[in-house]
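Reading the structure
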Amino acid sequence: MAYLWFKAFHIVGIVCWFAGLFYLPRLFVYHAEANEQPEPARSILKNQYQIMEKRLYRIIMTPALILTIVMAIGLVYTEPDVLKQPWLQIKLALVAALLVYDHLCLRIMKKLAADTCKMTGQQFRWFNEFPTVLFVIIVMLAIFKNDVPTDATAWLIFGMTIAMAAFIQLYARKRRLAKEKLVAEGAISESVSEVGA
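As a starting point, this report considers the structure included with it. Everything quoted here is computed from the prediction, not taken from an experiment. (Residues numbered from 1 in each chain as written. Predicted model: local features only at pLDDT ≥ 70, side-chain atom pairs only at ≥ 80, totals over all residues. Heavy atoms only, no water.)

1. Some points on the side chain of His-10
To keep things clear, this is the line we draw: What counts as a helix is a DSSP run of H or I of at least four residues, what counts as a strand is a run of E of at least two, and both are numbered from the N terminus. Pairs of N or O atoms are called polar contacts if they sit within 3.5 Å, as long as, within protein, a hydrogen donor faces a hydrogen acceptor (for residues adjacent in sequence, only side-chain-to-side-chain pairs). Here a residue-residue contact requires only that any non-hydrogen atoms of the pair lie within 4.5 Å.
One can find His-10 in helix 1 (residues 2–33). There is a polar contact of 3.0 Å between the side chain of His-10 and the backbone oxygen of Thr-68. Once residues within four sequence positions are removed from consideration, His-10 is found in contact with Thr-68, Met-71, Ala-72, Leu-75 and Lys-91.

2. Quick word on the packing of aromatic side chains
To be explicit about the condition: Working definition: a ring pair exists when centres of Phe, Tyr or Trp rings (six-membered ring for Trp) sit within 6.5 Å. Plane angles under 30 degrees give stacked, over 60 give edge-to-face, the rest tilted. Using a 1.4 Å probe on the protein chains alone, a residue whose accessible area is under 20% of its type maximum counts as buried, one over 50% counts as exposed, and one in between counts as partly exposed. Here, over-ring charges are defined by two tests on the NZ atom of lysine or the CZ atom of arginine: distance to the ring centre within 6 Å, and angle to the ring normal within 35 degrees.
Summed over all chains, the structure comprises 12 aromatic pairs. Arranged with centres 5.6 Å apart and planes meeting at 50°, the rings of Phe-18 and Phe-22 form a pair that is tilted. Of this pair, Phe-18 and Phe-22 both sit in helix 1, four residues apart, roughly one helical turn. Among the residues examined, Phe-18 registers a relative accessible area of 5% and is labelled buried. For Phe-22, a relative accessible area of 30% translates into the label partly exposed. On the basis of an interplanar angle of 85° and a centroid distance of 5.8 Å, the ring pair of Trp-155 and Phe-158 is categorised as edge-to-face. With Trp-155 and Phe-158 both in helix 5 (residues 150–196) and three residues apart, this pair spans about one turn of that helix. A network of ring pairs unites the aromatic residues Phe-28, Tyr-101, Phe-124, Phe-127 and Phe-130 as a single cluster. If you follow Lys-145 out to its NZ or CZ, it ends over the ring of Trp-87, 4.5 Å from the centre.

So, in structure tokens, the structure goes:
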């Protein structure tokens, strides 16, 4: 019975932690893009994103991470032989990579607050996709265990990566075209006002 309690709250912790891992880099995108705004909007937006990032990291992500780890320890305590399973060893290595990613998010958050981060919104969009790929692999491992369909999983990850890359590039193109349109419209209205004068 203890195993099921540990498992239930391990899943709760994972869901909350991953919600933060998915959302925090999205806030980084907006934070970085706030630099493109004129004052006072730039300062207001950057301050707001900084508050949101800190609260998300400290109030949601960190407690969820602690809950995830504590419940994982409980799971292993109730079934210690599971540590010998190859699927779990791979899963733990991927979780270690996510812990590094989590720490990297904290460092980026501090750099953004100090206004020393040089990453662009486009770079953060790429950065934002990393936990998605690991999440899918971890879920596949947790469900299939040692019987993971490696060919299907590899194709799934490959397809996801291609789709994410295409979406990021298409979105960047859409933003660039919208910006060019605004510049062109601004130039036309300046010409019209000059002609009228």
